[in-house]
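Secondary and tertiary structure notes
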Amino acid sequence: HRRFDYRPKTDPYCQARYTFCPTGSAIPVMKEEDVIEVYRLQAPVWEFKYGDLLGHLKIMHDAVGFKSSLTGKNYTMEWYELFQLGNCTFPHLRPGMDAPFWCNQGAACFYEGIDDAHWKENGTLVLVTTVSGLMFNEMAKWVKYDNETGIYYETWTVQASPDKQSVVWFDSYECSKFILRTYQKLADVGAVFKKIQTNYTSIILFSGEPVYLGNETSIFGPQGNKTLAAAIRDFYYPFKPHQSVREFFVDLIKIIDRVILNGQFYLFYNLEYWLLPMKFPYLKITYEEVPLPTGSKTAFGV
């Protein structure tokens, strides 16, 4: 996943149904001698709207919580889409614009408090490590860098087969990956994690070797490939927001025809387009263990 020099301004066309990070605040500078508890937080995606529905499918959202021993204050930190998941996964086909239009930025959100009921009811709230204020402050500097340079959300993991040793063509870049990076940073500065099982959700597409197609300019620009441009727009059309149940099922049939019967999926990754030659079982949602990291216990004299 490519890193960028800066975060571009978002286009007013991109609108979120739910405000991104409504109570967000700056990450505080902790006193170096503070002792801060770090919590693993996980709950079903859209639990606030659908309860445990997506939890049954193991489609989970991840976050991390902190509690300061000196102040007693709690904090939550997470990373998610600025304009909801659908906008990050598929583009808009705007009138008068040849190229698909993407609203696919993601970002970190930090705010005071931990909503215990939200995380505990259908998910997880568990202590994973304890760090000093100095270690927390080092993590905070890294979060700023990570947030300014890793700016685009990517829903899909793409790999060659369901086998655990399979080639991964493209890795996802979503909430759980941010939490894994955060844990690794804490381990790098000396955090020692408890030995507990930690599982994460992945949405995987299965594909043969991807075929590079080009970027927006080379495909949709004045000298672009008009046939390819039309094929990409045609592929994305059925994924538009649906106006009726009938339209949804008509478009669902088109999606099945293209992805499964024709074995094609157009992926937008790092601002470039790829053709995925799809393979059985085409798509799978997994909920698999990724162990907590191990780091140097000597860092910062811990």
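As a starting point, this report considers the structure included with it. Nothing here was measured: the structure is a model prediction, and the numbers come from that model.

Reading the values: rules and limits
Residues numbered from 1 in each chain as written. Predicted model: local features only at pLDDT ≥ 70, side-chain atom pairs only at ≥ 80, totals over all residues. Heavy atoms only, no water. Salt bridge = Lys/Arg side-chain N within 4 Å of Asp/Glu carboxyl O. Buried < 20%, exposed > 50% of the residue type's maximum accessible area, 1.4 Å probe, protein only. Helix = DSSP H or I, 4+ residues; strand = E, 2+ residues; numbered from the N terminus. Pairing = 2+ DSSP bridges. Disulfide = S-S within 2.5 Å. Phe/Tyr/Trp six-rings, centres within 6.5 Å; stacked < 30°, edge-to-face > 60°. Lys NZ or Arg CZ within 6 Å of the ring centre and 35° of its normal.

Attention now moves to the pattern of salt bridges. This model, assessed by the stated rule, comprises ten salt bridges. When the shortest N-O distance is used, the salt bridge between aspartate 171 and lysine 177 registers 3.6 Å. Note on aspartate 171: relative accessible area 38%, which makes it partly exposed. A relative accessible area of 17% places lysine 177 in the buried class. Within this structure, Arg3, Asp146 and Arg181 form a network of salt bridges that share partners.

Further remarks concern the pairing of strand 8 (residues 199–207). With nine of nine residues buried, strand 8 is to be regarded as a mostly interior element. Both faces of strand 8 are covered, namely the face carrying Asn199, Thr201, Ile203, Leu205 and Ser207 and the face carrying Tyr200, Ser202, Ile204 and Phe206. Relative to strand 8, strand 6 (residues 156–159) runs parallel, the two sharing four bridges. Note on strand 8: the bridge partner recorded for glutamine 159 is phenylalanine 206.

Another point: the state of the cysteines. Considering all chains together, one arrives at two disulfides under this definition. Across a sulfur-sulfur distance of 2.1 Å, cysteine 14 and cysteine 103 are joined as a disulfide pair. Since a negative S-S torsion denotes a left-handed disulfide, the cysteine 14-cysteine 103 link at about -85° is left-handed. Taken together, the residues cysteine 14 in the segment before strand 1 (35–44) and cysteine 103 in the loop between helix 2 (84–89) and strand 4 (106–112) connect sequence positions 89 residues apart. Given the relative accessible area of 2%, cysteine 103 is considered buried. A sulfur-sulfur separation of 2.0 Å characterises the disulfide bridge that pairs cysteine 21 with cysteine 109. Taking the sign of the torsion about the S-S bond as the criterion, the disulfide between cysteine 21 and cysteine 109, at about 85°, is right-handed. One end of the pair, cysteine 21, is in the segment before strand 1; the other, cysteine 109, is in strand 4, with 88 residues separating them in the sequence. Its relative accessible area of 15% is what places cysteine 21 among the buried residues. Residue classification places cysteine 109 among the buried positions, given a relative accessible area of 2%. In the chain, numbering the disulfide-bonded cysteines from first to last in sequence yields the connectivity 1-3, 2-4. No disulfide involves cysteine 88; its sulfur sits 8.6 Å from the nearest other cysteine sulfur, which is in cysteine 103.

Evaluated as defined, the whole model comprises 25 aromatic pairs. Here the aromatic rings of phenylalanine 66 and phenylalanine 136 are separated by 5.1 Å at their centres, their planes lie at 90°, and the arrangement is edge-to-face. With phenylalanine 66 in strand 2 (residues 60–68) and phenylalanine 136 in helix 4 (residues 133–149), this pair connects stretches of sequence that are 70 residues apart. The exposure classification of phenylalanine 66 matches that of phenylalanine 136, with both residues buried. Measuring from centroid to centroid gives 5.3 Å for phenylalanine 170 and tryptophan 274, while their planes differ by 70°, and the two rings are edge-to-face. Linking phenylalanine 170 in strand 7 (residues 168–170) with tryptophan 274 in strand 11 (residues 272–289), this pair joins segments that are 104 residues apart in sequence. Owing to a relative accessible area of 6%, phenylalanine 170 belongs among the buried residues under this scheme. Positioned above the aromatic ring of tyrosine 200 is the side chain of arginine 40, whose terminal nitrogen or guanidinium carbon lies 5.0 Å from the ring centre. Looking at arginine 94, its charged tip hangs above the ring of tyrosine 13, at a distance of 3.8 Å from the centre.

Distances and angles like these do not, on their own, reveal function.
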